[in-house]
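Descriptive structure summary
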Amino acid sequence: MEHDLTCGALFAGIGGFCFGMEKAGFKTLWATDIDAEATETYSKNFKHVEVINDDIIEMNRRSIRLQPVDVVHAGFPCQSFSAAGNRKGFDDPRGRLFYEVVNFIRNQGDDRPSVILLENAVNLLYGGNGSWFDTIRLELQRLGYWFSPENAAVIDARTHGGLPQRRERLFMVALSRDHFPLNPFFGVKKANKVEDLKKLFEPEGRVTDNYFLPSTNKYGNMLLEECRKLPKGSLIQLRQSIMRPQPPGMCPTLTANMGKGGHNVPFLIDEGRLRKLTERECLRLQGFPAKFKFAEMTMSSRYRLIGNAVSPKVAAKIGKEIAGIHGTTTSEDRMVV
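Overview of the structure. None of the values given here were measured: they were computed from a predicted structure. (Residues numbered from 1 in each chain as written. Predicted model: local features only at pLDDT ≥ 70, side-chain atom pairs only at ≥ 80, totals over all residues. Heavy atoms only, no water.)

Some points on the overall build of the protein
Let me state the cut-off plainly: What counts as a helix is a DSSP run of H or I of at least four residues, what counts as a strand is a run of E of at least two, and both are numbered from the N terminus. Our radius of gyration looks at C-alpha atoms and nothing else; its globule reference is 2.2 Å times the residue count to the power 0.38. Relative accessibility under 20% of the residue-type maximum defines a buried residue, over 50% an exposed one, and the middle range a partly exposed one, all with a 1.4 Å probe and only protein chains included. Every residue pair with non-hydrogen atoms within 4.5 Å of one another is taken to be in contact. Only the protein chains shown count as cover for residues, with accessible areas throughout obtained via the Shrake-Rupley method and a probe of 1.4 Å. We score Asp and Glu as negative and Lys and Arg as positive, and we do not count His or the chain ends. Each charge is placed at NZ for Lys, CZ for Arg, CG for Asp and CD for Glu.
Helix and strand content of the protein: nine helices and twelve strands. Radius of gyration (C-alpha) of the protein: 20 Å, near the 20 Å computed for a compact globule of 337 residues. Burial status across the protein gives 53% buried among its 337 residues. Within the protein, contacts between residues at least 6 apart in sequence are counted, and of these 69% link residues at least 24 apart. A total accessible area of about 15700 Å² is found for the protein, and carbon and sulfur atoms account for 48% of it. Here the protein holds 46 positive side-chain charges and 39 negative ones, and the gap between their average locations is 5 Å.

As for the nonpolar core
The line we're drawing: To define a nonpolar core, start from buried Ala, Val, Leu, Ile, Met, Phe, Trp, Tyr and Cys residues and group those joined through side-chain atoms within 4.5 Å.
Core analysis: the largest hydrophobic core is formed by 46 residues, its most contacted members being L223 and L277. Of all the secondary-structure elements, those providing two or more residues to this core are α1 (16–23), α2 (36–45), α6 (220–228), β9 (236–239), β11 (266–270), α7 (279–286) and α8 (299–308). Examining the composition of this core, we find that four residues originate from one element, α8, more than from any other. Dropping the residues within four chain positions of it, L223 is found in contact with L213, I236, L238, M243, F267 and L274. Core analysis: the second largest hydrophobic core is formed by 33 residues, M59, L66, V69 and V102 among them.

A short note on helix α5 (residues 131–142)
In plain terms, the rule: The span expected for a helix works out to 1.5 Å for each residue beyond the first.
For α5, spanning twelve residues, the distance from its first C-alpha to its last is 16 Å, which sits close to the expected 16 Å at 1.5 Å a residue. Contact partners of the buried residues in α5: α4 (97–107), β5 (115–120), β6 (145–146), β7 (152–156) and β8 (168–176). Immediately beyond the C-terminal end of α5, within one or two residues, lies G144, with a positive phi of roughly 100°.

Quick notes on unusual backbone geometry
Glycine aside, a negative phi is what most residues show, and trans is what most peptide bonds show. Residue F11 is not a glycine yet carries a positive backbone phi of 55°. As for its placement among the helices and strands, F11 is situated in the loop between β1 (6–10) and α1. Within the chain, S63 stands out as a residue other than glycine whose phi angle is a positive 50°. Examined against the element boundaries, S63 turns out to sit in the loop between α3 (56–61) and β4 (71–74).

Brief notes about the packing of aromatic side chains
We apply this condition: Two rings from Phe, Tyr or Trp (for Trp, the six-membered ring) form a pair when their centres sit within 6.5 Å of each other. Planes less than 30 degrees apart are called stacked, planes more than 60 degrees apart edge-to-face, and all others tilted. Put simply, a charge is over a ring when the Lys NZ or the Arg CZ is close to the ring centre, within 6 Å, and near the line of the ring normal, within 35 degrees.
Using the criterion set out here, one finds 16 aromatic pairs in the structure. Summarising the aromatic geometry, the rings of F19 and F46 are spaced 4.5 Å apart at their centres and angled 45° between planes, so their arrangement reads as tilted. With F19 in helix α1 and F46 in the loop between α2 and β3 (50–53), this residue pair connects regions lying 27 residues apart in the sequence. When sorted by exposure, F19 lands in the same class as F46, which is buried. Taken together, the aromatic side chains of F19, Y42, F46, F288, F292 and F294 make up a single cluster linked through ring pairs. In this structure, R177 is placed above the aromatic ring of W146, and the distance from its NZ or CZ to the ring centre is 4.0 Å. The lysine or arginine in question, R273, covers the ring of F212, its NZ or CZ lying 3.9 Å from the ring centre.

Comments concerning α4
When α4 is considered as a whole, its buried residues turn out to be L97, F98, E100, V101, V102, F104 and I105. G109 sits one or two residues past α4 and shows a positive phi near 60°.

A look at the pattern of salt bridges
Rule in force here: A side-chain nitrogen of Lys or Arg and a carboxyl oxygen of Asp or Glu constitute a salt bridge if their distance falls within 4 Å.
Under the defined criterion, the tally for this structure stands at 18 salt bridges. Here R61 ties to E58 by a salt bridge, and the two come within 2.5 Å at their closest N and O atoms. Note that R61 and E58 are positioned in helix α3 at a spacing of three residues, about one turn of the helix. Taking relative accessible area as the criterion, R61 reaches 62% and is therefore assigned exposed. Taking the relative accessible area as the measure of exposure, E58 reaches 29% and is therefore partly exposed. Among the ionic pairs, D270 bridges to R275, the shortest N-O distance being 2.8 Å. We note that D270, like R275, is buried.

What about the environment of W30?
Our working rule: Pairs of N or O atoms are called polar contacts if they sit within 3.5 Å, as long as, within protein, a hydrogen donor faces a hydrogen acceptor (for residues adjacent in sequence, only side-chain-to-side-chain pairs).
Its place among the elements puts W30 in strand β2 (residues 27–33). Judged by relative accessible area, W30 falls into the buried class, the value being 1%. Placed 24 residues apart in sequence, W30 and T6 show a C-alpha to C-alpha distance of 9.6 Å. Excluding residues that lie within four positions of it along the chain, W30 makes contacts with C7, G8, A9, L10, V49, E50, L66, Q67, V69, V72 and F104. At 2.9 Å, the side chain of W30 forms a polar contact with the backbone oxygen of Q67.

Written out as structure tokens, the structure reads:
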């Protein structure tokens, strides 16, 4: 008997995963995150969802069971796995939060989801000489799910989501052996076209002064001069004191530390002056809907939450693939990387 597909979110953040899954036809029943600013913002955008501001470790200690869902998705912390992070993998407390995802699923007993969808840094595939990914594989298999390298795909916001942002992430789909007689997951089809970067910017002269780089900034003049050499509407990034001009029509990966000064912030020229991208522009580059609302918080917090988010457009394509696995499309409709 057909029914509406449902999902629940661990490490929900501001709802990037959930926007995408709902676009793919899933109904979100619950979402959890330890970050109060994230859950306050999430609640403003998902009025129908049970939102839980709690630590997954404490939830597991209390053996919390939530409403049964078809899919549990989790963008668990990536700092210890990322090539740009400390690369400590499971030796870092943040890396060990993966085990809490496993514990949470186990605590659901007979109400475990038919699909587990995970997101993390691409380097998780290769770190620890391959041992990090092997750990994930073995834990998911012990939990009773189909999972092999074929269940993991590197998906890019530009190539697959059609967004003008370079953003490769690793997505992993584990399928319950109790629900699926075989392992059919393949991946996601490439986008037909990429959105025009310039159309995502605010009109010139409309952005307030607090987004512009002060004339006293030690990198200001160098960045401005370098940016003037680029085609109009191009971006430049300052990363670890190195100027990185971006190809026309391309934005570098938006990161959680965008709001902490010049590091990793994309800049552009607006009426002859250099400014950083606004939060609304960053949301567009991630594929968030125009109606998205933030809770009251600092500018740096908004940038942090955007940089940590899963792109809704990418999540929607993965969600459609999972819906197909559940039998809502034919095998010919399934997508291939």
